[in-house]
Amino acid sequence: MQRIISRWACAFLIVLGSLTTSTAEVTIEQSATGMEVSEATIKSGMDLFKANCSACHAIDRRMTGPALAGVHERREMDWLIKWIRNNQELRESGDADAIAIYNEYNGAAMNLFTNLSDEEIKSIIMYVENGGWSDGPKGPVASGGEVAEADPSLVKKINWMLLIIALIIGVIFLLIVRNIDLVSKYTGKSLIPWNNVNATLMLLFLVAFLGLVFYEFSIHGKYVLIGDSSSEHGDRLDQMMMITFIITMVVFVITQILLFWFAFRYRAKKGVKALFYPENDKLELVWTIIPAIVLTVLVIGGLNAWRSIMKPPAEGTANIEVFAEQFRWYVRYPGADGELGNSNYNLISGDNPLGVAVEGKAEALITDLKKDITTYESTIEGLPAELGKLKGSVGGLVGKEEKILRKQIEAIESGDRQSELEMQIRRRKTQILRITEALEGGTFFTDAAMDDIVGQEIHVVVNEPITFKFRSRDVIHSALMKEFRAQMNVVPGLPTQFTMTPTKTTEARRQELKNPEFDYHIVCNKICGNSHFNMKLKLVVETREQYEEWMRSQTATFAEAAPVEETPVESAPEESETETDETVEADSEPIAMNAQ
């Protein structure tokens, strides 16, 4: 009760405050970026932030990455630009701050954004400086224009008073009922005919309950996703759902009416004896066979619909790849050849997040992996010196800082740190061996990948079938396209696919909903981590002409990824382990690199 009252009180204060609030979009006058502060620049930074950063970062709270508020005060602008664009390159240059951040987050590297210009990165920083879009004060506004905060002690006292009053009323009601029962017991007469009261309440509850059910449908029925599908198969699913709802609703209403009517009609009465009616074979057959027939028809219809929806796509059907990782989506389009290039998790790197089989990227990755091995070996050699430095730093530290330092000392003394570093070395050697064998095989790396386009927005053509090929980098995700009545699990190591035909363009849907800002989206429908709610990918349905115009504006992602100069590749020693880098999944086949 107290919690409910508190919520209503807070809601009232918020609504009251909202009546006197004003919106303040731009809250800064000068920017550390050196650029002129403008609403357009901040808006551009917001769009870039949402597309590239919001999956792992928030401005005012820590998520997968740190909170970004005040980052322009903690770091120099030139350093920030280098870090955001290519944190890997900054670490390799020996930058102490970059290496410290990388170690603080257990080697979880931030994605590379080499495609962003200095101006775009600065607009993101300006958006962070501005604190996002401010919607003004959130509470009641005092006469001076400042937010007037409610006195917490007063709110607490009011809540306790209301709780005590409710308890007193409840106790009084129980005492009255108990006294009535005592009087009935001593006089031998029932002052209140409880059977009749309860029976009448049953009827009243039936009327009120059914009334509320239909009222709920009248208010929120418009939000039920039936009858407004935007895909070809969605119409059939909607039809099946409607049939199911009609059947179950009829059964629900009839059974509820009978249930409560029987409770009223056959209530206990003085002098009336209940009829003992243990069984009736005909009735049991009726209420067993009829539901069995109905359910069989529904299930068979569902199976037929499932087979028709999940049948293999026709030859020549267009396809795109949707790639999931915590906590973002990527989309890959085939180029002019209409064919997606091979991919494999062993090839995933900072500038090749999908692991596409591009020879130049693979050779560059081998070079990076060798650098990692050298760094880890150097770190192992320096562990004794690091241990001495850590022990010399313990003095004077207290609290959390001391605990962190002692934990680092214990990890080195126990050998855990060295074991972890050796494991990373083995992983990278195994990964190098797999990539090298694939390069030497000559069949995995083809020209099909060179014209592939990687982006963060899906474009499809209305009334033309499209096959979505799903892959996951880390954990199980789920691609939900609610307007298209489609959902497919995205499983690491197990590619899945789904074919559908969209029937309504984005523009047509906007006009239908009378909402010019509506967009289709793919959202993750599996709780995949602390930033799961941010996994959203825009999906645009357009005409063939609009799609071709958009495609002409795109450039092949790997067109300039020419192979690096040939360097002797040392064969990594064969290992019995099949572990790979921490950012990818282990493969059941330790050497062979299959397309996935």
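Here the residue numbering is sequential within each chain, running from 1 through the sequence in written order. Given that this is a predicted model, residues contribute local features only at a pLDDT of at least 70 and side-chain atom pairs are listed and counted only at 80 or more, while totals for whole chains, interfaces and linings are drawn from all residues. Each side-chain value is derived from all of the structure's non-hydrogen atoms; neither hydrogens nor water enter the calculation.

Buried residues of nine kinds, namely Ala, Val, Leu, Ile, Met, Phe, Trp, Tyr and Cys, make up a nonpolar core once their side-chain atoms join them within 4.5 Å. Categorising residues by exposure relies on relative accessible area from a 1.4 Å probe, with only protein chains included: less than 20% of the type maximum marks a residue as buried, more than 50% marks it as exposed, and the intermediate range marks it as partly exposed. Counting 36 residues, the largest nonpolar core has W329, I458, F468, F470, M481 and L539 as the members making the most contacts within it. Counting 27 residues, the second-largest nonpolar core is a separate cluster that includes V37, F49, F113 and L116.

Attention shifts here to helix α15 (residues 416-441). Secondary structure elements are defined from DSSP: runs of H or I of at least 4 residues count as helices, runs of E of at least 2 residues count as strands, and each element is numbered from the N terminus. A helix is expected to span 1.5 Å for every residue after the first. Its 26 residues give α15 an end-to-end C-alpha distance of 38 Å, which sits within 8% of 38 Å, the value for a rise of 1.5 Å per residue. Phi turns positive one or two residues past the end of α15, at G442, with a value near 80°.

To continue, consider the environment of F498. Checked against the element boundaries, F498 lands in strand β8 (residues 496-500). Taking C-alpha positions, F498 is 8.3 Å from F470, a pair spaced 28 residues apart along the chain. If near-sequence neighbours (up to four positions away) are discounted, F498 is found in contact with H233, I309, M310, I466, T467, F468, F470, A486 and M488. Contacts are residue-level and defined by heavy atoms, with any inter-residue pair within 4.5 Å sufficient.

Let us now look at the packing of helix α9 (residues 194-220) against helix α10 (residues 232-265). Every axis in this analysis is a line fitted to C-alpha atoms, fitted for helices over the stretch in contact. Angles between the N-to-C directions lie between 0 and 180 degrees. One way to put it is that α9 packs onto α10 with a least axis distance of 7 Å and a crossing angle of 160°. Taken as axis vectors, α9 and α10 run roughly antiparallel relative to one another. For the pair α9 and α10, the crossing hand works out as left-handed. The residues of α10 that touch α9, namely those facing A199, T200, M202, L203, F205, L206, F209, L210, F214 and F217, are M249, F252, V253, Q256, I257, F260, W261, A263 and F264. When the residues that make up the contact of α9 with α10 are grouped by side-chain class, the tally is 17 nonpolar, two polar and no charged. What sets the label is the angle itself: under 35 degrees gives roughly parallel, over 145 gives roughly antiparallel, 65 to 115 gives roughly perpendicular, and the rest give oblique. By convention the crossing between two helices is left-handed if the near helix lies anticlockwise of the far one by an angle smaller than a right angle, and right-handed if it lies clockwise. Gly falls in the polar group here, along with every residue not listed as nonpolar (Ala, Val, Leu, Ile, Met, Phe, Trp, Tyr, Cys, Pro) or charged (Asp, Glu, Lys, Arg).

Extensive coverage of strand β1 (residues 318-325) is indicated by the burial of seven of its eight residues. The sheet contact formed by β1 and strand β5 (residues 466-472) spans seven bridges and is parallel. Its bridge partner lying in β5, F323 is registered against R471. Being paired, for any two strands, means DSSP has found at least two bridges between them. Judged from the five bridges that link them, β1 and strand β2 (residues 328-333) form a sheet pairing that is antiparallel. The residue bridging V322 from the neighbouring strand is V331, located in β2.

A cis amide bond, omega 0°, links Q326 with the succeeding residue F327. Relative to the helices and strands, F327 resides in the loop between β1 and β2. Even without glycine at this site, N463 takes up a positive phi of about 65°. When you line up the elements, N463 lands in the loop between β4 (458-461) and β5.

Salt bridges are counted wherever a side-chain nitrogen of Lys or Arg sits within 4 Å of a carboxyl oxygen of Asp or Glu. With the rule as written, the count across this model stands at 19 salt bridges. K361 is the salt-bridge partner of D351, the closest N and O atoms lying 3.2 Å from each other. Linking D351 in the loop between β2 and α12 (359-381) with K361 in helix α12, this pair joins segments that are 10 residues apart in sequence. With a relative accessible area of 36%, D351 lands in the partly exposed category. Owing to a relative accessible area of 19%, K361 belongs among the buried residues under this scheme. Overlapping salt bridges bring together D228, D238, R485, K504, R509 and E512 as one network.

Ordered by their spatial adjacency, five strands build an open sheet running β4-β10-β9-β6-β7, and the pairing between neighbours is mixed. A strand with exactly one partner marks an edge of an open sheet, and here the two such strands are β4 and β7 (486-490). For this sheet, the mean angle separating the axes of adjacent strands, direction not counted, is 25°. Sheet topology note: the strand β6 (residues 477-481)/β7 ladder contains five bridges and is antiparallel. Of the residues in β7, the one forming a bridge with M481 is A486. Running at roughly 140° to β4, helix α17 (residues 544-552) makes contact with β4 and β10 (536-542) of the sheet.

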